[in-house]
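Inside the fold
Each chain, letter by letter, is given below.
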Amino acid sequence: MPDTAALTPPPLYAAHRKIYPRAVKGRVRSIKWVVLIVLLGIYYILPWIRWDRGPGVPDQAVLADIANARLFFFWIELWPQEIYFLTGFLILGAIGLFAATSLFGRVWCGFTCPQTVWTDLFLWIERQIEGDRNARIKRDAGPPSRDRTLRRIAKHAAWIVIAAATGGAWIMYFQDAPTVVVQLLTGAASAQTYFWFGLFTATTYVLAGFAREQVCTYMCPWPRFQGAMLDQDSLVVTYREWRGEPRGKLKEAGHGDCIDCGACVHVCPTGIDIREGQQLECIGCGLCVDACDEVMGKVQRPQGLIAFETLANLAASTAATARFQPGPARFDAGMAARKHLHLLRPRTLMYAGVLSFVVVIMLGAFLLRETLTLTVLAERAPPYVLLSDGGVRNGYTLKLADKTRDAGVYALVLDGPAGLRLLVQDVETDAAGRPLLPARPDAVATFRALVTAPPGVAIAESQSLRFRLMDAQGKVVASGDSVFLGPRPIQVRR
């Protein structure tokens, strides 16, 4: 009979295993607390910073003003047609992430990713209310009780408050912060505002409170292709197997420094064992480094059994200690085989070059950006009009965009074949007969222009035109190109 167990396909879904990370103290944990406080402070406080831009303009320092199609960032104001700047910033962020990963592994995931930051905050709340790892395990395994119920209610209430503050802060980046807070609290906000507030509150509550490590393991694509960014000289969280193996109890002789206490597993937010090598689930937070250093200090052995190390140094130490038995001599040989961190190598230099190139392009584009632009759109229906006197007329829509807040009037000059006449409807002209176009501060003014070729003016089927705007000193401040269309010349066959 065939073995039916061997023919049974493996399950495609693994049941969720709840993880109870233990609190830990140490250098890495302190750095993570500083990063968390700084990032959360920036996120929550930034919408409340004011920046005076003059009357009639939002005074919020950072604001994506969707209603008026403006993006404000302190002294910078971007228009919709300048969306390429936002694209450039995203490219800079991606290249910077690649470079950071190549140098320091998953430092983004372990220290600055929003999922990591808010999960750390939610875990801290959980520990304050329900206790540390052992207390939570014992309470969850025990029978229902009034104490457990009250603690859970308090924990979830605190989570909801933090999630609501997170969702509300996100809304403030798109609406004036003081105004939207009052509207949310008084019920005066729009349905769209409440929808987005509720959506971001719910996603924060679910992802940081329940999904946690599952977001990093299953939902986030970054672990899948981070391997392409790493090399043998990238700093990653590693277990120095050459020093820790074979494992054994503290009082046993002939084993390595690892006493198999499991502290590194108990503090891991994704529940993995770093001693099993590089794993997709590892986010590089380094909490296992602190946990192991604490244990090594208690058993009076050198710290660094788990550390931020390069795979090249790990391989060199392993080769150098192959003939040594556990003890001080093996430790000294392994540490002596290590080399200094190589920050400058082909991969990182390539990222630095691309990053510098994009920065130069972005900076040049920003410094050379035009504050006054003229766009000329030729009318297509009809492309031209034959007048009763034999002349030809084309119509154009002129869009004058003024990105400053200073009102100005500019004379319009037409460059093209001699004899063409320019008329702009509903505007005045100067002494020289040139149309005067008034710009709208921080807005787009639209005008209709008519260009006429009188009878007797020789024109081709298509003629290039240039519309130029002149300031009071006669300087060209903006220009736009188009074409003048006429009837196709009749060819007489002979």
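Residues numbered from 1 in each chain as written. Predicted model: local features only at pLDDT ≥ 70, side-chain atom pairs only at ≥ 80, totals over all residues. Heavy atoms only, no water.

Here's the deal with the pattern of salt bridges
Summed over the entire model, instances satisfying the criterion amount to 33 salt bridges. Arg-212 is paired through a salt bridge with Glu-126; the nearest N and O atoms lie 3.3 Å apart. Taken together, the residues span a long stretch of sequence, with Arg-212 in the loop between helix 9 (191-211) and helix 10 (213-219) and Glu-126 in helix 5 (residues 114-130) at a distance of 86 residues. Here the two residues Arg-212 and Glu-126 agree in accessibility, since each one is buried. The partner of Asp-481 in a salt bridge is Arg-466, with the nearest N and O atoms 2.7 Å apart. Remark: Arg-466 occurs in strand 13 (residues 462-470) and Asp-481 occurs in strand 14 (residues 476-485); sequence separation between them is 15 residues. A relative accessible area of 46% means that Asp-481 is categorised as partly exposed. One network of salt bridges, in which partners are shared, links Glu-126, Glu-130, Arg-136, Lys-155 and Arg-212. (Salt bridge = Lys/Arg side-chain N within 4 Å of Asp/Glu carboxyl O. Helix = DSSP H or I, 4+ residues; strand = E, 2+ residues; numbered from the N terminus. Buried < 20%, exposed > 50% of the residue type's maximum accessible area, 1.4 Å probe, protein only.)

A closer look at the layout of surface pockets
Considering only enclosed or pocket space, the largest pocket measures out at about 1000 Å³ in volume. Lining of the largest pocket is provided by 27 residues; of these, Leu-46, Val-62, Phe-73, Trp-170 and Tyr-173 occupy positions nearest its centre. When contributions to the lining of the largest pocket are tallied by element, the ones reaching two or more residues are helix 2 (27-45), strand 1 (62-65), strand 2 (70-73), strand 3 (76-78), helix 3 (83-104), helix 4 (107-112) and helix 5. Examining the composition of the lining of the largest pocket, we find that 5 residues originate from one element, helix 3, more than from any other. Partitioned by chemical class, the residues of the lining of the largest pocket number 25 nonpolar, 2 polar and no charged. (1 Å grid on protein atoms, 1.4 Å probe; cavity = no way out; pocket = protein on both sides within 12 Å on 5 of 7 lines; lining within 4 Å. Points joined across faces, edges and corners; volume = space filled by probe spheres on them. Nonpolar A, V, L, I, M, F, W, Y, C, P; charged D, E, K, R; others polar.)

Some remarks on the pairing of strand 14
Sheet analysis places strand 13 next to strand 14, joined by 9 bridges and oriented antiparallel. Pairing of Arg-466 across the sheet is with Asp-481, part of strand 14. Following strand 13, the chain reverses through 5 residues before pairing antiparallel with strand 14; Gly-474 in that reversal takes a positive phi of roughly 80 degrees. (Pairing = 2+ DSSP bridges.)

Here's the deal with the nonpolar core
In terms of nonpolar packing, the biggest core is built from 32 residues, with Val-237, Tyr-239, Ile-274, Cys-288, Met-296, Leu-305 and Ile-306 touching the most fellow members. Contributing elements (two or more residues each) for this core: helix 4, strand 4 (235-239), helix 13 (263-267) and helix 14 (287-298). When residues in this core are grouped by element, the largest group, 7 residues, is from helix 14. Residue contacts for Ile-306: discarding those within four places in its chain leaves Val-237, Thr-238, Tyr-239, Cys-264, Ile-274, Cys-288, Val-289, Cys-292 and Asp-293. Counting residues in each nonpolar core, the second largest holds 25 residues, with Leu-374, Val-376, Tyr-396 and Leu-400 among its members. (Core = buried A, V, L, I, M, F, W, Y, C linked by side-chain atoms within 4.5 Å. Contact = heavy atoms within 4.5 Å.)

Topic: unusual backbone geometry
Here the residue pair Glu-245 and Pro-246 is connected by a cis peptide bond, since its omega of -10 degrees sits within 30 degrees of zero. Along the chain, Pro-246 falls in the loop between helix 12 (241-244) and helix 13. Following Ala-381, the chain continues into Pro-382 via a peptide bond in cis, with omega recorded as -5 degrees. Tracing the backbone shows Pro-382 in the loop between strand 6 (372-378) and strand 7 (385-386).

Side note on the environment of Ser-102
Note on placement: Ser-102 falls in helix 3. For Ser-102, a relative accessible area of 0% corresponds to the buried category. Counting along the chain gives 128 residues from Ser-102 to Leu-230, while the straight-line C-alpha distance between them is 4.9 Å. Every residue in contact with Ser-102, bar those within four places of it in the chain, is listed here: Met-229, Asp-231, Ser-234, Arg-345, Arg-347, Thr-348 and Tyr-351.

Thoughts on the environment of Trp-33
By secondary structure assignment, the location of Trp-33 is in helix 2. Assessed through its relative accessible area of 28%, Trp-33 is described here as partly exposed. A C-alpha to C-alpha distance of 59 Å links Trp-33 and Ala-378, two positions 345 residues apart in sequence.

With respect to the packing of helix 5 against helix 7 (residues 146-172)
One way to put it is that helix 5 packs onto helix 7 with a least axis distance of 9 Å and a crossing angle of 155 degrees. Put simply, helix 5 runs roughly antiparallel to helix 7. With respect to the hand of their crossing, helix 5 and helix 7 are arranged in right-handed fashion. Facing Trp-118, Leu-121, Phe-122, Ile-125, Glu-126, Ile-129 and Glu-130 of helix 5, the residues of helix 7 in contact are Arg-151, Arg-152, Ala-154, Lys-155, Ala-158, Trp-159, Ile-162, Ala-163 and Thr-166. (Axes fitted to C-alpha atoms, helices over the stretch in contact; angles between N-to-C directions. Parallel < 35°, antiparallel > 145°, perpendicular 65-115°, else oblique. Left-handed = near helix turned anticlockwise from the far one by under 90°.)

Things to note about the packing of helix 8 (residues 177-186) against helix 9
At their nearest, the axes of helix 8 and helix 9 sit 11 Å apart, and the two run at 90 degrees to each other. It follows from the interaxial angle that helix 8 and helix 9 lie roughly perpendicular. Residue-level contacts link Val-180, Gln-183 and Leu-184 of helix 8 to Thr-193, Tyr-194 and Phe-197 of helix 9. Here the contact of helix 8 with helix 9 is composed, by residue class, of 4 nonpolar, 2 polar and no charged.

As for helix 2
An ideal rise of 1.5 Å per residue puts 27 Å on 19 residues; helix 2 measures up with 27 Å between its terminal C-alpha atoms. Here helix 2 has its buried residues at Val-28, Arg-29, Lys-32, Leu-36, Leu-40 and Tyr-43. All buried residues of helix 2 project into a common sector of 90 degrees when viewed along the axis, lining one side. With respect to the buried face of helix 2, the exposed residues turned more than 90 degrees away are Arg-27, Val-34, Ile-37 and Ile-45. Considering only its buried residues, helix 2 is in contact with helix 4, helix 5, helix 7, helix 14 and strand 5 (306-310). (Expected span 1.5 Å × (residues − 1). Arc of directions from axis to C-beta.)

Things to note about the side chain of Asp-430
Following the sequence through the fold, Asp-430 ends up in the loop between strand 10 (421-424) and strand 11 (436-438). Here Arg-434 takes part through its backbone nitrogen, which lies 2.7 Å from a polar atom of the side chain of Asp-430. (Polar contact = N/O pair within 3.5 Å; in protein donor to acceptor, adjacent residues only side chain to side chain.)

What to know about the sheet that holds strand 3
The strand order 1-2-3 describes an open sheet built from 3 strands, whose pairing is antiparallel. The open sheet has two free edges, formed respectively by strand 1 and strand 3, since each of these has just one partner strand. The sheet shows a mean angle of 10 degrees between the axes of neighbouring strands, direction not considered.

Structural notes on the state of the cysteines
Counted under the stated rule, the structure contains 0 disulfides. A disulfide-free cysteine, Cys-261 has its sulfur positioned 6.5 Å from the sulfur of Cys-264, the nearest such atom. (Disulfide = S-S within 2.5 Å.)

Examining the confidence of the model for the chain
In regions of low pLDDT, the predicted coordinates are not meant to be interpreted in detail. Looking at the chain as a whole, the pLDDT averages 92, with 97% of positions reaching at least 70. Considering each helix and strand of the chain separately, the mean pLDDT is smallest for helix 1 (residues 4-7), with a value of 62, and largest for helix 2, with 97. (pLDDT = per-residue confidence, 0-100.)

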